[in-house]
Amino acid sequence: MKIGSIEVKGLCRLAPMAGVSNTPFRLLCKELGSSLTTSEEISAKALVHGSEKTFALAGYLPEEKPIAIQIFGSEPEHLGEAAAIMEQKGADIIDLNMGCPVPKITKTGAGSALMKDEKKAALIFQTIRKSIQVPFTIKIRGGWDDHTINAPQIAKIAQEEGVDAIAVHPRTRSQQYTGKAPWEIIRQVVEAVSIPVTGNGDVRSWEDALRMQEQTRCQSVMIGRGALGRPWVFDQSFEVLSSYEQHQRKFQIISRHLTLIRDHMPEKFALIQMKKHLGWYISGTQNAPESRAKVFTFQNTSDLQKWFLEYWPESFRKLYSPTTSAFKEESLSAL
Ligand SMILES: Cc1cc2nc3c(=O)[nH]c(=O)nc-3n(C[C@H](O)[C@H](O)[C@H](O)COP(=O)(O)O)c2cc1C
């Protein structure tokens, strides 16, 4: 897929997720095969007002490039100015959030509320397009609610106004994340425009991604919740490993993630991130509730990392039967 002049190689990419898709997780997913990096949603207004906290949130490492910085807001001028600021700070793509369902955001007219007013959306597209040279993308929902599904219409307007690519999460704002994502809406968007379309919603494996591509003809697939505690979802070769090899690979990947968190975040935030991600990594393993409770008792990242480095191989050894020299495949696959 090509977004403007930027070549995006590989089918699957990490979805923007507030509080999750920060530098350590984005880098990890990129190393595992995610084809494009996108920041979490960043307030355009806060960028324009020079908020240091917001600039820190919008930060990234050179290794993450090419990177799309996602902005949210409702005022065309703020959005145009914020897009230009982030372009100046090296963003390779500016992405506009038109999908966030959180009331704190929608009540200001931002996020998925932008889907409600096509004229205003067109004005915002024009303003951002005029403000930047780099590719400009949008991430939309199916519509505001079940009575106003207008993703294909918004996509057409976007294409007319010079938007270079579109990502679609087909649930409406009212559906939030409930029910099954109606992939047929992704297909409708693909049929409405000639610019590249990324499909998103309920993809948890390569098999799902290929099925989405086949059913909708989208050019790329975005994975959000399916990557939480499972960033190996981006690595197509992971699925063909034996349970034994998968367990070892998971150990390497999680260890790498913990190191990236410690290397790239201040201790206070690193501890929160480590606990959050370890909670997801441990979920579904044997004795998950006890192990998760243990994770949340740690007061610093160094002790937590040490604990993990012993815990994971130990949980593995317990499943190994020295008498038969065979791994209990069934138990292992639960890990
Ligand atoms: C914790 C969380 C935070 C999210 N934050 C953002 C965000 O900042 N920007 C955005 O466009 N979408 C955000 N989303 C939506 C996801 O990008 C994605 O569209 C949604 O999770 C559906 O895809 P999935 O079924 O693969 O998870 C978020 C989702 C989750 C679960």
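Definitions and cut-offs
Residues numbered from 1 in each chain as written. Predicted model: local features only at pLDDT ≥ 70, side-chain atom pairs only at ≥ 80, totals over all residues. Heavy atoms only, no water. Near = heavy atom within 4 Å. Polar contact = N/O pair within 3.5 Å; in protein donor to acceptor, adjacent residues only side chain to side chain. Areas by Shrake-Rupley, 256 points an atom, 1.4 Å probe, with all protein chains shown as cover. 1 Å grid on protein atoms, 1.4 Å probe; cavity = no way out; pocket = protein on both sides within 12 Å on 5 of 7 lines; lining within 4 Å. Sits in = over half its atoms within 2 Å of the grid points. Nonpolar A, V, L, I, M, F, W, Y, C, P; charged D, E, K, R; others polar. Salt bridge = Lys/Arg side-chain N within 4 Å of Asp/Glu carboxyl O. Helix = DSSP H or I, 4+ residues; strand = E, 2+ residues; numbered from the N terminus. Buried < 20%, exposed > 50% of the residue type's maximum accessible area, 1.4 Å probe, protein only. Core = buried A, V, L, I, M, F, W, Y, C linked by side-chain atoms within 4.5 Å. Domains from an automatic or database assignment. Buried area = accessible area lost by both parts, 1.4 Å probe. Points joined across faces, edges and corners; volume = space filled by probe spheres on them. Contact = heavy atoms within 4.5 Å. Pairing = 2+ DSSP bridges.

A. Spotlight on the site of the ligand. Inspection of the region around the ligand gives 16 residues, with Pro16, Gln70, Asn200, Asp202 and Arg225 positioned closest. The separation between a nitrogen atom of the ligand and a polar side-chain atom of Gln70 is 2.8 Å. Here a nitrogen atom of the ligand and a side-chain polar atom of Asn97 are 3.3 Å apart. For the ligand, whose free accessible area comes to 610 Å², the fraction covered by protein is 87%. Of the pockets mapped on this structure, the ligand occupies the second largest pocket. Among the residues making up the shell around the ligand, the classes are represented as six nonpolar, six polar and four charged.

B. Expanded view of the pattern of salt bridges. All told, the structure shown has nine salt bridges when counted by the stated rule. Residues Glu64 and Arg26 are paired through a salt bridge, measuring 2.5 Å at the closest nitrogen-oxygen approach. Placement of the pair is Glu64 in the loop between helix 3 (52–57) and strand 6 (67–72) and Arg26 in helix 1 (residues 23–32), with a sequence separation of 38 residues. Here Glu64 and Arg26 have matching classes, each one buried.

C. Seen up close, the nonpolar core. Of all hydrophobic cores here, the largest spans 89 residues; its most connected members are Leu96, Met98, Phe125 and Ile138. Counting eight residues, the second largest nonpolar core, distinct from the first, contains Met1, Val8, Leu36 and Ala165.

D. The arrangement of the domain arrangement of the protein chain in detail. As far as domains go, the protein chain holds domain 1 (2–234) and domain 2 (241–333). The gap between the C-alpha centroids of domain 1 and domain 2 is 31 Å. Regarding the contact of domain 1 and domain 2, the summed buried area is about 1300 Å², with carbon and sulfur atoms giving 73% of it. Area buried by domain 1 at its contact with domain 2 is led by Pro24, Leu28 and Trp232, which between them contribute 39% of it.

E. Highlighting empty space enclosed by the protein. Taken as a whole, this structure holds two cavities of 30 Å³ or more when the rule is applied. What the largest cavity holds in volume is close to 60 Å³. Lining the largest cavity we find Ile3, Arg13, Leu36, Asp95, Thr137, Ile138, Ala165, Ile166, Ala167 and Thr198. If one sorts the elements of the lining of the largest cavity by residue count, strand 9 (residues 165–169) sits on top with three residues. Its residues placed into classes, the lining of the largest cavity shows six nonpolar, two polar and two charged. When its volume is computed, the second largest cavity comes out at roughly 30 Å³. Looking at the second largest cavity, the residues that line it are Leu14, Arg26, Lys30, Ser34, Leu36, Thr37 and Thr38. Those elements that provide at least two residues to the lining of the second largest cavity are helix 1 and strand 4 (37–38).

F. Spatial organisation of unusual backbone geometry. Pro66 follows Lys65 through a cis peptide bond whose omega is 0°. The phi dihedral of Asp202 falls on the positive side, at around 70°, and the residue is not glycine. Here Asp202 lies in the loop between strand 10 (197–200) and helix 9 (206–216). Judged by relative accessible area, which is 29%, Asp202 ranks as partly exposed.

G. Representation of the environment of Ile94. Its location among the elements puts Ile94 in strand 7 (residues 93–98). Ile94 gets classed as buried once you look at its relative accessible area, which sits at 0%. Between the alpha carbons of Ile94 and Val134 there is a distance of 7.2 Å; along the sequence they are 40 residues apart. Leaving out residues up to four positions away in the same chain, Ile94 has contacts with Ile69, Ile71, Ala83, Met86, Glu87, Ile132, Val134, Pro135, Phe136 and Thr137.

H. Quick look at the pairing of strand 6. Most of strand 6 is tucked away: six of the six residues are buried. Of the pairings in the sheet, the one linking strand 4 to strand 6 comprises two bridges and is parallel in character. Residue pairing in the sheet places Thr37 in a bridge with Ile67 of strand 6. Pairing between strand 5 (residues 42–43) and strand 6: two bridges, direction parallel. Bridged to Ile42 within strand 6 is Ile71. In this structure, strand 6 lies alongside strand 7, joined through four bridges in parallel fashion. Residue pairing for strand 7: Ile71 is matched across the bridge by Leu96.

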